[in-house]
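Descriptive structure summary
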Amino acid sequence: MKTYIDLHIHSTASDGTLSPTQIVNSALKLTAKEHNPVVIALTDHDTIAGNEEFIKAAARHKDRLTAIPGVEISTNYHGTEIHMLGYNIDTNNKELLHCLQVCRESRDGRNEKIIKKLQAEGFEISMEDIQPDKPGETIARPHIAKQLMKKKYVSSVQEAFDKYLAEGRSCYVERIMPTPREAISLIRNSGGIPVLAHIMLYKKLDSAQKNKLVYELKEAGLMGIEAYYNTYSPVEEEYVKSLAVQWGLLMTGGTDFHGKNKPHISLFTGQGKMDVPEEILPEFVQEL
């Protein structure tokens, strides 16, 4: 029987639109026909706030669902933003919590600067417009983009990023982030598995630089690489898998699901054809 796997999922704790409980329920509903086994991980941006609810919701379905607590940490690699996934982390680890708090405070300060830049360009938008619906929810650029759409300045979240919020656009603001090495150390010291996320999205890096990145991070304790991802072409997937083999890394995979914030991406299948193979599980689960 096929096992459905998605190890890269975002909830309302960061910039997704489904709560951790809704993610569990959706995963079960999508696989209910044949009562398939399910393995999912919650990897919200720079926060572990949703993991307690996620694990609690999953505990009622242990007969066929494995839920892995996780995080996605934004890091700065010589001016390029690199994302580090951490799996099976200790959500009570003080050093990890402190780092995530610093990241969150930096993100909050960034939001204010973005709002001020938008206001300077004539947009009627304020910090009050992007206040969280739930205490502890991380507010990020997608929330600002949705407000721009709500106020009819843009027709979609993507248009808001393309015109104003993405790197290089007029209202983009950098923020304080740890280095990939620091994130790897934090994840490992919290008992977790550090995995380099969606390497093919780092367009600033050519093949030689990507290889150097993986080499450096492997030396720093990197344990895995996201070999299956919703935007990878077959050629890109084979390239990332070759990096995993070359450097002795675990292979993982996930859709980067965000709910309605990325409506073209579905759980388990990404943009329709993605499939994380069961072959990755024995080695990955062995490390959990």
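The structure we're discussing is the one just above.
Residues numbered from 1 in each chain as written. Predicted model: local features only at pLDDT ≥ 70, side-chain atom pairs only at ≥ 80, totals over all residues. Heavy atoms only, no water.

Regarding the overall build of the chain
In plain terms, the rule: Secondary structure elements follow DSSP: runs of H or I no shorter than four residues count as helices, runs of E no shorter than two count as strands, and numbering proceeds from the N terminus. Taken over C-alpha atoms, the radius of gyration is set against a globule rule of 2.2 Å times the number of residues to the power 0.38. The buried label applies to any residue whose accessible area, calculated with a 1.4 Å probe on protein chains only, is under 20% of its type's maximum; exposed applies above 50%, and partly exposed to all values in between. In what follows, residue pairs with any heavy atoms lying within 4.5 Å of each other are defined as contacts. Computed with the Shrake-Rupley method and a 1.4 Å probe, the accessible areas treat only the protein chains shown as cover for residues. We treat Lys and Arg as the positive residues and Asp and Glu as the negative residues; His and chain ends play no part in the count. Where a charge lies is defined by one atom per residue type, namely NZ (Lys), CZ (Arg), CG (Asp) and CD (Glu).
Looking only at helices and strands, the chain features 9 helices and 7 strands. Taken over the C-alpha trace, the chain has a radius of gyration of 18 Å; the compact-globule value for 288 residues is 19 Å, and the two agree within 12%. Along the longest, intermediate and shortest principal axes, the C-alpha atoms of the chain span 55 × 45 × 40 Å. Expressed as a percentage of its 288 residues, the buried residues of the chain come to 53%. In the chain, the proportion of contacts linking residues at least 24 apart, taken out of those at least 6 apart, comes to 72%. A total of about 13,500 Å² of accessible surface is found on the chain, and carbon and sulfur atoms cover 50% of it. Each charge class in the chain can be summarised by its mean position, and for the 34 positive and 39 negative side chains these summaries are 4 Å apart.

Observations concerning the side chain of Lys210
For clarity, the cut-off: Take a side-chain nitrogen of Lys or Arg and a carboxyl oxygen of Asp or Glu: if they are within 4 Å of each other, that pair is a salt bridge.
You can see Lys210 is positioned in helix H7 (residues 207-219). Asp206 is the oppositely charged side chain nearest to the buried, salt-bridge-free Lys210, at an N-O distance of 7.0 Å.

Details of the packing of helix H3 (residues 94-120) against helix H4 (residues 141-150)
The test is simple: An axis is simply a line fitted to the C-alpha atoms; with a helix, the fit covers only the stretch in contact. Between two such axes, the angle follows the N-to-C directions and lies from 0 to 180 degrees. When an angle is under 35 degrees it counts as roughly parallel; over 145 it counts as roughly antiparallel; between 65 and 115 it counts as roughly perpendicular; any other value is oblique. Rotating anticlockwise by less than a right angle from the far helix to the near helix defines a left-handed crossing, while the corresponding clockwise rotation defines a right-handed one. Amino acids are sorted into nonpolar (Ala, Val, Leu, Ile, Met, Phe, Trp, Tyr, Cys and Pro), charged (Asp, Glu, Lys and Arg) and polar (every other residue, Gly among them).
Running from N to C, H3 and H4 cross one another at 30°; their axes reach a closest spacing of 10 Å. As summarised for this structure, H3 and H4 are arranged roughly parallel, according to the angle between their axes. H4 is crossed by H3, and the crossing has right-handed handedness. Side by side, H3 and H4 meet where Arg110, Asn111, Ile114, Ile115 and Leu118 of the first sit next to Arg141, Ile144 and Leu148 of the second. By residue class, the composition of the contact of H3 with H4 is 5 nonpolar, 1 polar and 2 charged.

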